[in-house]
Structure formats: structure tokens, C-alpha cells
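Analysis of the macromolecular model
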Amino acid sequence: MNSAHPDLLISEALLEVSDGQASQPVPDNAERFDSSVSVLGSVGFCSGIHIWEVEVGPKKAWTLGVAKESVDRKGNVIVSPAGGIWAIGLWDGEQYSAGTAPLGTPLVLTRKPQKVKVELDYEKGDLSFYDSNDMSVIYRFHDRFKEKLFPYFSPCLNSDGTNHGALKITPEKVLVTLAPAV
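Predicted model, so just to flag it, every value in this text is computed and none were measured.

1. Thoughts on the pattern of salt bridges
Tallied over the full model, the rule gives three salt bridges. When the shortest N-O distance is used, the salt bridge between Asp131 and Arg111 registers 3.4 Å. Of this pair, Asp131 sits in strand E10 (residues 126-131) while Arg111 sits in the loop between strand E8 (105-107) and strand E9 (115-121), and the two are 20 residues apart along the sequence. Arg111 is the partner of Asp134 in a salt bridge, and the nearest nitrogen-oxygen pair spans 2.3 Å. Linking Asp134 in the loop between E10 and strand E11 (136-142) with Arg111 in the loop between E8 and E9, this pair joins segments that are 23 residues apart in sequence.

Below you can see the structure in the form of C-alpha cells.
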């Protein structure tokens, strides 16, 4: 994966990502995240409705959502629509937030989701996150998307050994609708 931070381990099937706790010998290309422990999905979307599920399990920190193709991957990555990333995340095992500028939007959840369903409706400009257990809404972004979007994943660091495990991606079903010809 050309976008994966050097510390990330990606499964052979490209469906799991975890912090390998050591940099892999990979080329420093323009597509690669160099300070944010992140990776983009291998397929991008510029139309249609796309759904996938991410098993977050017992992880104490993670971030997931979508990023525009031109997102800045070098240096400090800003997780907000202004930075080109629409995402939610968990920090310190209990602090959920949506990536909004300038400080994020705190989210209050009744329980810790084990799986998060992500639904992107490109034409409507909707990106929704659900607790897969009961389909309760975690957060919704509404925006006007102007370029190709890629699924965005960060398993976050596991430097102290308390954020072990992988994010496991499950494509649920993909509904592709074509925009009318202009």
C-alpha cells in the first residue's frame, strides 16, 4: 500500500491494519503518510453509495472515515473536513470525537462499539457512522464532496502495549449509482 505509514502492518488480503511498532523498509513516496500512523483504502469513490464495516474491538485508540485524494500526507495531518479528512475516533479508551475544526466535536456514546458501519453517499454529501450492534447513529457529516474519496484508517500507536489489535475492514455491500449524464 503506497499510502501506509511505515509503522503499519497491512494484512495480505488488505483487510486488517495494525501498528507494527517499528518502521518497515518502504520507499518515502508522495502518497505515503509520514507522521500520521494512517493508511487509505485501495479503492476510491467519486460517485455512488458505499458501505463498509470496521471491527474496532477492544482497541483504546483509532480513527476511521474518508479522506480526499489530495489530502496532505506529509507532516501534521489535520483530521477535519478543512484538512480533507471526515472521520471519527476514540482516544484514551473513552473519549470519542468527530474530527471537526478547530478542536473536534465530543461524542457521547451509551456503549463502546465493537464494530462501526461507515456509509458514504457521495452525491448527497453524506457520511454516516453507526454502531453496527444496534445501528444507532454515532455521527453524520454533511458536505459537498468535490474529488475522489478513499476510506481512511488509523489504528493509532501501540507504543505502550495497551492499544493492541488491528482494525478489521469488512466490505458490506456496495451500491453504485451513476450520476445522470450532463
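2. Considering the sheet that holds E8
Across the sheet, six strands lie side by side as E3-E12-E5-E6-E7-E8; this open sheet has antiparallel pairing. The open sheet has two edge strands, strand E3 (39-40) and E8, and neither has a second partner. Bridge count between strand E5 (residues 62-68) and strand E12 (residues 149-154): six bridges; the pairing is antiparallel. When the bridges of E12 are listed, Lys68 appears paired with Leu149.

Cut-offs applied
Residues numbered from 1 in each chain as written. Predicted model: local features only at pLDDT ≥ 70, side-chain atom pairs only at ≥ 80, totals over all residues. Heavy atoms only, no water. Salt bridge = Lys/Arg side-chain N within 4 Å of Asp/Glu carboxyl O. Helix = DSSP H or I, 4+ residues; strand = E, 2+ residues; numbered from the N terminus. Pairing = 2+ DSSP bridges.

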